[in-house]
Amino acid sequence: MSNATKETPGGFAVLRELPSNVWNSIFRGPLPSTDLERSSTSFTNFFLHIHPVKVNRHTLRPAYTLGLGLISLFLFLILVVTGVLLMFYYVPSTTQAYDRMLDLRGTVAFGIFLRNMHRWSAHGMVAIVFLHMCRVFLTGAYKKPREFNWVLGVVLLLVTLFLSFTGYLLPWDQLAFWAITVGTSIAGYAPLIGKQMQFVLLGDTTVGQEALLRFYVLHVAVLPAVLVLLIAVHFWRIRKDGGLSRPEKAAETAPQTGVVKMRKVYGLQGFVRGPFTKVGNVPDDSVYSWPNLLMSELFVFVLPVSVILVVSLAFNAPLEQPVNVMHPPNPAKAPWYFLGLQEMVSYSAFWGGIGIPGIMVGLLLVTPYIDRGAKGVGKWFAKERLLANTIFLTLVTLNIIFIVIGTFFRGPNWTFVSPF
Ligand code: HEM
């Protein structure tokens, strides 16, 4: 038999080899089994190349990050998938939106389940992004060289809140209408430009068709696009800032060579010509991203997905009566994450709605530029950071107390309702 005939299988052989040929056309080689293959997998795979070739062991400790950044990301992904599916049914019109919600409940297969998943993931994302910020603060991870990534994070938190807020209006029920009416009137308390800002947001002086359309466009297009872009830059910065924060360790010095704090190399060159693989050099405290980081990420992925599935099976997203502009509920409440603001507004409209939140956001933005000490980074509740952590936790606790009061202890006309 000639070579040409050997190389060109025909008939049955083509069918037999079809699965492996398809597989090999997608994945060029077998699963990596050597260090070089593990390196090049992270480096050459489109989806994995966001990872460094190696990560520090400390990065993979669940007790350090609690997986909160990744959970925020995965909740956002669930929101994108369920949100796109919901878009097939939703119409941003004051005459149709509510009926579409009823359709989701009654006639669309798995419609209610889809809506539940979207709603609970949105609440979850607001809470988890906030907790992720707390983790970053309490471990001092915002310090040099991560100052700018912290600032990006603060913007991410604000965009997440705004994304959730714009979605709140879409069901066009009493809860939605009055929550947005209260929420946007808080924006109106800003001096000089408050009323203009409120008008730009609503496209009118009251919440109506124009507001619904604006909120819809912001919710399904503008804000998700902004969030995707910011998340991409956030992740890119994590790489450029040298991976996640960790405690300063003696392992980063090489006493035997006299080289102090060698520049760590992140990338394929870390494997090919990095100093860490040479015998007798610095103890290597890093592991390959494939499979270590990937497996941790997959594990963290399963967590929010399972919780959201179970919660969505057990609890239905609220849907109240259709909008009735003549009958505001008493009290009309903003979404829960703005109830702390609403509670403060009940004492002073300007300070509660604009002054204090403005100062808080300003403080968060400048924190890494005024808190310059390098000690206590990479450790929860480091004693060197006692003052900063105490101030931060006091403000967080106050915010939570205000939210709890606004949620559970305010009755008609915002009078205090005693729990006893
Ligand atoms: C959509 C929102 C966000 C997503 C998807 C996200 C995602 C992530 C991920 C996956 C990580 C690495 C793993 C981890 O630390 O858990 C991370 C790290 C980080 N994030 Fe976020 N994040 C978000 C919001 C924020 C916020 C609100 C802040 C602070 C205000 C922030 C500041 C940081 C910083 C400074 C790091 C580096 C931490 C370190 O080096 O230890 N992020 N983020």
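This structure is a prediction, so every number in the text was calculated from the model and none was measured.

Let us now look at the confidence of the model for the chain. Mean pLDDT over the chain works out to 89, with 90% of the residues at or above the 70 mark. Across residues 253-263, confidence stays below pLDDT 50; counting only partners more than four residues off in sequence or on other chains, it has 16 contacts. Taken as a whole, residues 265-282 scores under 50 in pLDDT and shows 34 contacts with residues more than four places along the chain or in a different chain.

Between the first and last C-alpha of helix α15 (residues 349-370) there are 30 Å, a value that for 22 residues agrees with the 32 Å anticipated at 1.5 Å per step. Largest kink in α15: about 30°, centred on Leu364, with the proline Pro368 one to four residues after it. Listed as buried for α15 are Gly352, Gly353, Gly355, Pro357, Leu364, Thr367 and Pro368. Against the buried residues of α15 lie α7 (111-138), α8 (147-168), α9 (174-187), α14 (339-345) and α16 (386-408).

This part is about the site of the ligand. Lining the immediate environment of the ligand, one finds 24 residues, of which His132, Arg135, Gly153, His234 and Ser245 sit closest. Between the ligand and His132 there is a distance of 2.8 Å, counted from a nitrogen atom to a side-chain nitrogen or oxygen. At 2.6 Å, a side-chain N or O of Ser245 approaches an oxygen atom of the ligand. Where the shell around the ligand is concerned, the elements lending two or more residues are α5 (68-87), α7, α8 and α11 (209-240). Ranked by residue count, the leading element in the shell around the ligand is α7, at six residues.

Throughout the structure, instances matching the rule amount to 19 aromatic pairs. Measuring from ring centre to ring centre gives 4.6 Å for Trp23 and Phe27, while their planes differ by 45°; the resulting arrangement is tilted. Looking at Trp23, the relative accessible area reads 51%, which means it is exposed. Arranged with centres 6.4 Å apart and planes meeting at 65°, the rings of Tyr347 and Phe402 form a pair that is edge-to-face. Of the two residues, Tyr347 is situated in the loop between α14 and α15 and Phe402 in helix α16; the sequence distance between them amounts to 55 residues.

Moving on to the packing of helix α6 (residues 97-106) against α7. The relative placement of two packed helices is expressed as an angle between their axes plus a distance between the axes. Orientation of α6 relative to α7, taken along the N-to-C sense of each, is 115°, at an axis distance of 5 Å. The angle between the axes of α6 and α7 places the two elements in the roughly perpendicular class. Taking contact as the criterion, the partners of Met101, Leu104 and Arg105 in α6 are, on α7, Gly111, Ile112 and Arg115. Counted by class, the contact of α6 with α7 contains three nonpolar, one polar and two charged residues.

Criteria and thresholds
Residues numbered from 1 in each chain as written. Predicted model: local features only at pLDDT ≥ 70, side-chain atom pairs only at ≥ 80, totals over all residues. Heavy atoms only, no water. pLDDT = per-residue confidence, 0-100. Contact = heavy atoms within 4.5 Å. Helix = DSSP H or I, 4+ residues; strand = E, 2+ residues; numbered from the N terminus. Expected span 1.5 Å × (residues − 1). Bend = angle between axes of the 7 residues up to and from the residue. Buried < 20%, exposed > 50% of the residue type's maximum accessible area, 1.4 Å probe, protein only. Near = heavy atom within 4 Å. Polar contact = N/O pair within 3.5 Å; in protein donor to acceptor, adjacent residues only side chain to side chain. Phe/Tyr/Trp six-rings, centres within 6.5 Å; stacked < 30°, edge-to-face > 60°. Axes fitted to C-alpha atoms, helices over the stretch in contact; angles between N-to-C directions. Parallel < 35°, antiparallel > 145°, perpendicular 65-115°, else oblique. Nonpolar A, V, L, I, M, F, W, Y, C, P; charged D, E, K, R; others polar.

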